[in-house]
Amino acid sequence: MTTAVDDELWSAVGDPTRRRMLDLLLAAGDGTATTLSEQLPVTRQAVAKHLGVLDRVGLVHATPAGRERRYRVDEAQLARAVAQLSSVGAAWDARLRRIKRIAEAIQRTQDRHGIR
């Protein structure tokens, strides 16, 4: 089974700060831009921008909480991202196995003909 790759989703999780934010949100259950900025080496404004990216691709959802918004990871969308990663990883593993077989066949042919 192949899973279609969502480039926007992959772009969102491709950033190390956003991956760290997802880890923090998963560990805490939820968080705000302020609480996340206290745990990351970036400003609250940068965290808010990153949360906006994650929200646009559906990886997090926000609910109003006073003057702030509380963000929670959408576990179904995260599972979709993981499935895509697994699918692409399996496809690359298959490609690498084919390349290895071709290289080994070339090596055997060269060995039989005394080519170095």
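Preceding this paragraph is the structure being described.
Parameters and conventions
Residues numbered from 1 in each chain as written. Predicted model: local features only at pLDDT ≥ 70, side-chain atom pairs only at ≥ 80, totals over all residues. Heavy atoms only, no water. Helix = DSSP H or I, 4+ residues; strand = E, 2+ residues; numbered from the N terminus. Rg over C-alpha atoms; globule rule 2.2 N^0.38 Å. Buried < 20%, exposed > 50% of the residue type's maximum accessible area, 1.4 Å probe, protein only. Expected span 1.5 Å × (residues − 1). Arc of directions from axis to C-beta. Axes fitted to C-alpha atoms, helices over the stretch in contact; angles between N-to-C directions. Parallel < 35°, antiparallel > 145°, perpendicular 65-115°, else oblique. Contact = heavy atoms within 4.5 Å. Nonpolar A, V, L, I, M, F, W, Y, C, P; charged D, E, K, R; others polar. Pairing = 2+ DSSP bridges. Patch = residues over 30% accessible without salt bridge, like charges linked within 9 Å, V, L, I, M, F, W, Y side chains within 5 Å. Areas by Shrake-Rupley, 256 points an atom, 1.4 Å probe, with all protein chains shown as cover. Salt bridge = Lys/Arg side-chain N within 4 Å of Asp/Glu carboxyl O.

S.K.: For this particular structure, what's the right way to read the overall build of the chain?
M.R.: Within the chain, the secondary structure is distributed over 5 helices and 2 strands. Shown N-terminal to C-terminal, the secondary structure of the chain runs as helices and strands in the order α-α-α-α-β-β-α. On C-alpha atoms alone, the chain measures out to a radius of gyration of 22 Å, which is more than a quarter above the 13 Å that the 2.2 N^0.38 rule sets for 116 residues. For the chain, the spread of C-alpha atoms along the three principal axes comes to 75 × 30 × 20 Å. The buried share among the 116 residues of the chain stands at 26%.

S.K.: Can you help me understand helix α4 (residues 44–56) in this one?
M.R.: Along an α-helix, a turn takes 3.6 residues, which lines up residues three or four apart on a common side. Taking 1.5 Å of rise per residue, 13 residues should cover 18 Å, and α4 covers 18 Å from first to last C-alpha, within 8% of that figure. For α4, every residue scored as buried is listed here: V47, H50, L51, V53 and L54. For α4, the angular spread of the buried residues around the axis is 155°, confining them to a single face. Opposite the buried face of α4, at more than 90 degrees from it, the exposed residues are Q45, K49 and R56.

S.K.: Is there a simple way to explain the packing of helix α2 (residues 16–28) against α4 in this structure?
M.R.: Geometry of a packed helix pair, given as the angle between the helix axes and the separation of the axes. Running from N to C, α2 and α4 cross one another at 85°; their axes reach a closest spacing of 10 Å. The angle between the axes of α2 and α4 places the two elements in the roughly perpendicular class. Seen from α2, the contacting residues are T17, R18, M21, L22 and L25; seen from α4, they are V47, H50, L51, V53 and L54. Residues of the contact of α2 with α4, tallied by class, amount to 7 nonpolar, 2 polar and 1 charged.

S.K.: Explain the pairing of strand β1 (residues 60–65) to me, please; I cannot follow it from the model alone.
M.R.: Two faces, one strand: in a regular strand the side chains alternate between the faces of the sheet. In this sheet, strand β2 (residues 68–73) lies alongside β1 in antiparallel orientation, the contact comprising 6 bridges. If you follow V60 over to β2, its bridge partner there is V73. Linking β1 back to β2 in an antiparallel pair, the connection comprises 2 residues, with G66 at a positive phi of about 65°.

S.K.: Is there a simple way to explain a nonpolar patch on the surface in this structure?
M.R.: A cluster of nonpolar side chains, W92, L96 and I99, forms an exposed patch at the surface whose accessible area comes to about 330 Å². A relative accessible area of 47% means that W92 is categorised as partly exposed.

S.K.: What is the right way to look at the environment of G58 in this model?
M.R.: Relative to the assigned elements, G58 resides in the loop between α4 and β1. For the pair G58 and S11, spaced 47 residues apart in sequence, the C-alpha to C-alpha distance is 13 Å. Setting aside its immediate chain neighbours within four residues, G58 contacts D74 and Q77.

S.K.: Which parts of the structure should I look at to understand helix α1 (residues 7–14)?
M.R.: Buried within α1 are the following residues: L9, A12 and V13. Seen end-on, α1 carries its buried residues on one side only, within an arc spanning 90°. Exposed side of α1, more than 90 degrees from the buried face: D7 and E8 are the residues found there. The inward-facing, buried residues of α1 abut α2, α4 and α5 (75–112).

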